[in-house]
Amino acid sequence: MYVLSPSIYAADYMNLKEQMATLERMNVKRLHVDIMDGNFVPNLSFGPDFVKSLREHTNMELDVHLMIGEPIRFIGAFAEAGADILTVHYESCESVQEVLDEIHSCGKKAGIVLKPETGLECLVSDLWERIQVLQFMTVQPGMKGQKFIADTLEKIRAAHSYIKQLERNIDIEVDGDITLTHLTEVLGAGANIVVVGKALFQGILEDNIRNYQLAG
Ligand code: ZN
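Below, the structure is looked at part by part.

Reading guide: rules and limits
Every residue gets a number counted from 1 within its own chain, in the order that chain's sequence is written. With the structure being a predicted model, the display of local features is reserved for residues of pLDDT at least 70 and the display and counting of side-chain atom pairs for 80 or more, all residues being used for whole-chain, interface and lining totals. Note that water and hydrogens are dropped before the side-chain values are worked out from all heavy atoms of the structure. The donor set comprises N, O and S atoms within 2.8 Å of the metal, extended to 3.2 Å for Na, K and Ca; water molecules are omitted, so apparent gaps in a site may simply reflect that omission. Every geometry call rests on angle ranges, with four donors termed tetrahedral when all angles are between 85 and 135 degrees, four termed square planar and six termed octahedral when opposite donors are over 155 degrees apart and all others are between 65 and 115, and everything else termed irregular. Only protein chains enter the accessibility calculation, which uses a 1.4 Å probe. A residue is then buried if its area is under 20% of the maximum for its type, exposed if over 50%, and partly exposed in between. Secondary structure follows DSSP: runs of H or I at least 4 residues long count as helices, runs of E at least 2 residues long count as strands, and numbering of each begins at the N terminus. Strand pairing requires that DSSP identify at least two bridges connecting the strands. Think of each axis as a best-fit line through the C-alpha atoms, taken over the contacting stretch in the case of a helix, with angles from 0 to 180 degrees between the N-to-C directions. Residue contacts are defined here by distance: any two heavy atoms, one from each residue, within 4.5 Å place the two residues in contact.

**Some remarks on the coordination of the zinc ion**
Then comes step 1: Every protein donor of the zinc ion is accounted for by His 32 (NE2), Asp 34 (OD), His 65 (ND1) and Asp 175 (OD), and the metal-donor separations fall at 2.0 to 2.2 Å.
Then comes step 2: Here the zinc ion is ringed by 4 donor atoms whose angles at the metal span 90 to 163°, and the overall shape comes out irregular.
Then comes step 3: Sequence positions of the donors to the zinc ion reduce to the motif H-x1-D-x30-H-x109-D. Exposure class is identical for His 32 and Asp 34. Each is buried.

Have a look at this one:
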């Protein structure tokens, strides 16, 4: 069984309350929140106030993906806003280790995100020791409407077998254009948390969630 993590960035913002209620009714336990700064990635999205507002309305686990430069500046704010998990890009931090320690000092789960072109070799043992989640971008981060990059599957497979060797409980999360076809592929490669955006929120949300749940 994998965990479905709908990306609220793809939701219909005018019907957010209703869509959140549908997710909860359909037994979705985790919500993915994409934070973009218009600098590390080209787009802008939400800030800590939005996370705080989500927190006040739901018990779903809030999985906050920080696509921002030097995220250490905002860890405290997002933790206080109610994030449960904070993931940061390896490519965005001067010291990833410091950022992970900061997340843990706020009492939250920490994860590293890798862009499609970033290899696993950047993860030294000090980093593996500090993460609860390893997240793979399967598209370039920060833009809607991109296509799944199949080359990332090999990296996911390699991470999965390395984590087995480590005998650690590290989740493998995938993020970017995970259609139902790609879902089978990423699960086969070893992912256990799957972010889905427009494929859920376009059309009938309830039916789409059911299709993803049945496919897992
Ligand atoms: Zn994301």
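**Points about the pairing of strand 6 (residues 133–137)**
Then comes step 1: The buried fraction of strand 6 amounts to 5 of the 5 residues, a majority that puts the element mostly inside the structure.
Then comes step 2: A two-sided burial pattern is seen for strand 6, the buried positions comprising Val 133, Gln 135 and Met 137 on one face and Leu 134 and Phe 136 on the other.
Then comes step 3: Of the pairings in the sheet, the one linking strand 5 (residues 109–114) to strand 6 comprises 4 bridges and is parallel in character. Looking across to strand 6, one finds that Ile 112 is bridged to Leu 134.
Then comes step 4: One ladder, built from 5 bridges, connects strand 6 with strand 7 (residues 171–175); its direction is parallel.

**So, the sheet that holds strand 5**
Paired through their backbone hydrogen bonds, the strands of a sheet run either parallel or antiparallel.
Then comes step 1: The strand order 1-8-7-6-5-4-3-2 describes an open sheet built from 8 strands, whose pairing is parallel. Of all strands in the sheet, those bounded by a partner on one side alone are strand 1 (3–6) and strand 2 (30–36). If you compare each strand with its neighbour and ignore which way they point, the axes differ by 25° on average.
Then comes step 2: Packing against the sheet, helix 2 (residues 48–57) makes contact with strand 2 and strand 3 (61–67), and its axis sits at approximately 165° to strand 2.

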